Amino acid sequence: MNHQDIYTAVIAFGSNLEEPARQVRQAAATVAALPNMVSFRLSSLYRTAPVGYAEQPDFINAVALVQTRDSAMALLQRLQAVEQAFGRERTFRNAPRTLDLDLIDFHHEIWQTDTLTLPHPRAHERGFVMCPLAEIAPDYVLGSHGRAADLARALADDGIVRLQEETT
């Protein structure tokens, strides 16, 4: 990889603790300002029911389509540092969290390592990832699963609600 090359990536944002909409908006601003970030486009915010562990508040989710000069691993490390800065604690799988950042796809590469699987192995099954992605990049192809718009349409009644942006 040449450090001057620009790579397209998809990042999912989620929070269900400590004013989740504010957490997602602030995290998006933080990620947009990361070194090597060339462009950043954020979806609307969406409210979704928790997956897995149901005894917790609803989540606020969004997806960003970005261009970066970072490698996949460098971007993943930066995202994990942002999570930590926002107070992320990994108590148990699917636990409530102040911030969850997932690298969903990186330049359509296929990875399978201990620390990173690309594309994200369950993203195509999750309305809270596919609906926001379809909003900002309907023709984005996620691995062998197909176009974001088609995947989102199949998941449309997955209990996801697009939030109306506050006007200030």
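Scroll up to find the structure this text is about.
Now for a quick tour of the structure. All of these numbers come straight from a predicted model, not from anything done at the bench.

About the cut-offs
Residues numbered from 1 in each chain as written. Predicted model: local features only at pLDDT ≥ 70, side-chain atom pairs only at ≥ 80, totals over all residues. Heavy atoms only, no water. Helix = DSSP H or I, 4+ residues; strand = E, 2+ residues; numbered from the N terminus. Expected span 1.5 Å × (residues − 1). Buried < 20%, exposed > 50% of the residue type's maximum accessible area, 1.4 Å probe, protein only. Arc of directions from axis to C-beta. Core = buried A, V, L, I, M, F, W, Y, C linked by side-chain atoms within 4.5 Å. Salt bridge = Lys/Arg side-chain N within 4 Å of Asp/Glu carboxyl O. Contact = heavy atoms within 4.5 Å.

Another point: helix α2 (residues 72-85). Between the first and last C-alpha of α2 there are 20 Å, a value that for 14 residues agrees with the 20 Å anticipated at 1.5 Å per step. Listing the buried residues of α2 in full gives Ala 72, Leu 75, Leu 76, Leu 79, Val 82 and Glu 83. Looking straight down α2, one finds its buried side chains confined to an arc of 120°; they lie on one side. Turned more than 90 degrees off the buried face of α2, the exposed positions are Gln 77, Gln 84 and Ala 85.

It is worth spelling out the nonpolar core at this point. Counting residues in hydrophobic clusters, the biggest one holds 27 residues, and the most contacted among them are Ile 11, Phe 13, Val 31, Leu 75 and Leu 103. Of all the elements in the fold, those that place two or more residues in this core are β1 (7-15), α1 (20-32), β4 (59-68), α2 and β5 (100-106). Considering every element that reaches this core, the biggest residue donor is α2, with five residues. Formed by 21 residues, the second largest nonpolar core is a distinct cluster that contains Ile 104, Val 129, Leu 142 and Ala 148.

As a further point, take the pattern of salt bridges. Using the criterion set out here, one finds seven salt bridges in the structure. The shortest N-O distance in the salt bridge between Asp 150 and Arg 147 comes to 3.1 Å. Since its relative accessible area comes to 36%, Asp 150 is described here as partly exposed. In this structure Arg 147 comes out as partly exposed when scored by relative accessible area, which is 29%. One network of salt bridges, with partners in common, ties together Asp 139, Arg 147, Asp 150 and Arg 153.

Glancing now at unusual backbone geometry. The amide bond that connects Leu 118 to the next residue, Pro 119, takes the cis arrangement and shows omega of -10°. Phi is positive for His 108, close to 60°, though the residue is something other than glycine. Residue placement: His 108 occurs in the loop between β5 and β6 (111-112). Judged by its relative accessible area of 48%, His 108 falls in the partly exposed class.

If you trace the backbone, Gly 14 turns up in strand β1. Taking the relative accessible area as the measure of exposure, Gly 14 reaches 4% and is therefore buried. Distance from Gly 14 to Val 66, taken between C-alpha atoms, is 17 Å for residues 52 residues apart in sequence. When residues no more than four places from it in sequence are discounted, the contact partners of Gly 14 are Val 24, Phe 59, Ile 60, Asn 61, Thr 98, Leu 99 and Asp 100.

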